[in-house]
Amino acid sequence: MTFTPMPERIATPRLVMTPQVPSDAGWLADLFTARGKGVVTPDDAAVRIAAMQELVAEHGIGARVLRLREGGDALGYCAIVVGRGSLEEPELAYELLPAAHGHGYATEGSRALVAAAFGTGRTRLWSTVRPWNEPSLRVLARVGFRRSRTTTDAQGEILWHVLDGGRRPAAPGPWGAHDVVA
Ligand SMILES: CC(C)(COP(=O)(O)OP(=O)(O)OC[C@H]1O[C@@H](n2cnc3c(N)ncnc32)[C@H](O)[C@@H]1OP(=O)(O)O)[C@@H](O)C(=O)NCCC(=O)NCCS
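Residues numbered from 1 in each chain as written. Predicted model: local features only at pLDDT ≥ 70, side-chain atom pairs only at ≥ 80, totals over all residues. Heavy atoms only, no water.

### Looking at the site of the ligand
Rules: Consider each residue's heavy atoms; a residue with any of them within 4 Å of a molecule or strand counts as near. We define a polar contact as two N or O atoms separated by no more than 3.5 Å, with the added condition that, inside protein, one atom must be a possible hydrogen donor and the other a possible acceptor, whereas residues neighbouring each other in sequence contribute only through side-chain atom pairs. Note on conventions: DSSP H or I runs of at least 4 residues are helices, E runs of at least 2 residues are strands, and numbering of each starts at the N terminus. The nonpolar class holds Ala, Val, Leu, Ile, Met, Phe, Trp, Tyr, Cys and Pro. Asp, Glu, Lys and Arg form the charged class, and all remaining residues, Gly among them, are polar.
The local shell around the ligand holds 21 residues, among which Tyr94, Gly102, Thr107, Asn133 and Arg138 are the closest. His103 is positioned with one of its backbone polar atoms (N or O) 3.2 Å from an oxygen atom of the ligand. A distance of 3.2 Å is found between an oxygen atom of the ligand and a side-chain nitrogen or oxygen belonging to Arg142. Of all the secondary-structure elements, those providing two or more residues to the shell around the ligand are β5 (91-96), α3 (105-119), β6 (124-129) and α4 (134-143). Element by element, the count of residues in the shell around the ligand is highest for α4, at five residues. A per-class count over the shell around the ligand returns eight nonpolar, nine polar and four charged.

What follows is the structure in structure tokens.
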């Protein structure tokens, strides 16, 4: 099965999303270190950027750095990666710097990236989250993913979420992205 590449640059109402480049190593090291699993240096981050650039070049998916349209520092990234999925049915992932949380950027970036991933010809995407990660679970729900199954690894439960192409990502209602209409 062949797929077309995702566009390099993706724009949303508030964001511009572009591929990772070597100069992203500094803030990405901060982001990976913020996971709390040890210090990640800019050199370590540069290795991950190079691997990401290979994924982009070979398979046309990968990470996009989020920045505000009016410019400024990176906010984090959204990505379509193989992860626990496959090249045909890859995973959505996202991670924002702490200062960028709580503004809807992960949701806005993910909606656009998911649309770009379906634009490649793919018809199913996955995302896997730990049960304690409420903010991430809320992002997935807003983007339109549904809970599929639960597996377990050495760190505990993994909640698998699926999104089928053709089903449009949940659109924000008139009161914003997370209104509930009873
Ligand atoms: C998961 C993560 C990206 C979510 O970030 P976030 O800031 O909560 O998510 P969003 O950017 O979509 O923001 C949504 C929040 O912003 C607020 N918000 C403000 N303006 C908004 C808007 N225009 N649209 C949507 N939400 C908006 C909402 O109140 C919402 O809060 P809620 O989730 O409590 O309802 C972030 O917590 C993170 O980077 N965590 C560490 C890495 C991680 O866990 N990654 C996922 C691995 S599975």
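Now that the structure has been shown, we can carry on.
### A closer look at α4
Stated formally: Classification of residues uses two cut-offs on accessible area relative to the type maximum, computed with a 1.4 Å probe and protein chains only: under 20% is buried, over 50% is exposed, and between them is partly exposed. Directions from the helix axis toward the C-beta atoms define the arc.
Considered for burial, the residues of α4 that qualify are Ser136, Leu137, Val139, Leu140 and Val143. Along the axis of α4, the buried residues cluster in a sector spanning 155°; they form a single face. Two residues or fewer past α4, Gly144 is found with a positive phi of approximately 115°.

### Quick word on the packing of helix α1 (residues 25-33) against helix α2 (residues 42-59)
What counts here: Here an axis means a line fitted to C-alpha atoms, over the contact stretch when the element is a helix, while the angle between two N-to-C directions is reported on a 0 to 180 degree scale. Orientation is classified from the angle alone, with under 35 degrees giving roughly parallel, over 145 giving roughly antiparallel, 65 to 115 giving roughly perpendicular, and any other angle giving oblique. Contact definition: two residues touch when any of their heavy atoms are within 4.5 Å.
As a packed pair, α1 and α2 sit with axes 8 Å apart at the nearest point and diverge in direction by 100°. Of the possible angle classes, the one that applies to α1 and α2 is roughly perpendicular. On α2, the residues that touch Ala25, Leu28, Ala29 and Phe32 of α1 are Pro42, Ala45, Ala46, Arg48 and Ile49.

### Topic: the pairing of strand β7 (residues 146-153)
As a reminder, the rule being used: Here the rule is simple: two strands pair whenever DSSP picks up at least two bridges between them.
Judged from the seven bridges that link them, β7 and strand β8 (residues 156-164) form a sheet pairing that is antiparallel. Note on β8: the bridge partner recorded for Thr150 is Leu159. What sits between the antiparallel neighbours β7 and β8 is a turn of two residues.

### Regarding the packing of α3 against α4
Defined as follows: The handedness criterion is simple: a crossing whose near helix is rotated anticlockwise from the far helix by less than a right angle is left-handed, and one whose near helix is rotated clockwise is right-handed.
Between α3 and α4, the shortest axis-to-axis distance is 9 Å and the interhelical angle comes to 45°. On the basis of the axis angle, α3 is oblique to α4. For the crossing formed where α3 meets α4, the hand is right-handed. For the pair α3 and α4, contact is made by Ala106, Thr107, Ser110, Arg111 and Val114 and by Val139, Arg142 and Val143, respectively.

### So, the side chain of Ser127
Of note, Ser127 is situated in strand β6. Of the polar contacts made by the side chain of Ser127, one reaches the backbone oxygen of Leu92; its length is 2.9 Å. Excluding residues within four positions of it along the chain, Ser127 makes contact with Glu91, Leu92, Leu140, Phe145, Leu159, Trp160 and His161.

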